[in-house]
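Working through the structure, step by step
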Amino acid sequence: MENKLDGNAAAGILQAIFPFEMTLVQATCAGCGTTNSLGATAAYMHGMGTVVRCPSCDTALIRVAQVKGRYFLDMRGVRVLQISTEA
Ligand SMILES: [Zn+2]
């Protein structure tokens, strides 16, 4: 079972970890090199957590799970994360 969400939902989850406006953070896909803002990606929620996928090639950019009071963040699908320092 998985529910497809838009990237804004995934950004909301990452917002609990990162002190940046996550919908505006841009991620470059390690699979195809496309750069997208997290708000423009696709997110899938599983029982185990959330997977953010590249809208171009479906590579898993970010996996995040919360287990026993810890966040587990797998970002192997992100080549570069661009974070704006302006509000
Ligand atoms: Zn890609």
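Residues numbered from 1 in each chain as written. Predicted model: local features only at pLDDT ≥ 70, side-chain atom pairs only at ≥ 80, totals over all residues. Heavy atoms only, no water.

What follows is about the pairing of strand 6 (residues 60–67). One ladder, built from four bridges, connects strand 5 (residues 50–53) with strand 6; its direction is antiparallel. Bridge assignment links Arg53 to a residue of strand 6, and that residue is Ala60. Counting the residues between successive antiparallel strands, the hairpin from strand 5 to strand 6 contains six residues, one of them, Asp58, with a positive phi of roughly 70 degrees. Here strand 6 runs beside strand 7 (residues 70–74); their pairing, made up of five bridges, is antiparallel. (Pairing = 2+ DSSP bridges. Helix = DSSP H or I, 4+ residues; strand = E, 2+ residues; numbered from the N terminus.)

A word on the sheet that holds strand 6. Pairing in this open sheet of five strands is antiparallel, and the strands run 1-4-5-6-7 from one edge to the other. Two strands lie at the open edges of the sheet, namely strand 1 (3–6) and strand 7, each paired on one side alone. Going from strand to strand, the sheet's axes swing by 20 degrees on average, the running direction of each strand aside. Taken strand by strand, helix 1 (residues 7–14) contacts strand 1, strand 4 (42–45), strand 5, strand 6 and strand 7, and its axis lies near 85 degrees from that of strand 1. (Axes fitted to C-alpha atoms, helices over the stretch in contact; angles between N-to-C directions. Contact = heavy atoms within 4.5 Å.)

When helix 1 is considered as a whole, its buried residues turn out to be Gly7, Ala10, Ala11 and Leu14. What you see down the axis of helix 1 is that its buried residues fit within an arc of 105 degrees, all on one side. In the core, the buried residues of helix 1 are packed alongside strand 1, strand 4, strand 5, strand 6 and strand 7. Where helix 1 begins, one side-chain oxygen reaches toward the backbone nitrogen of Asn8, 3.1 Å away; that side chain belongs to Asp6. (Buried < 20%, exposed > 50% of the residue type's maximum accessible area, 1.4 Å probe, protein only. Arc of directions from axis to C-beta. Polar contact = N/O pair within 3.5 Å; in protein donor to acceptor, adjacent residues only side chain to side chain.)

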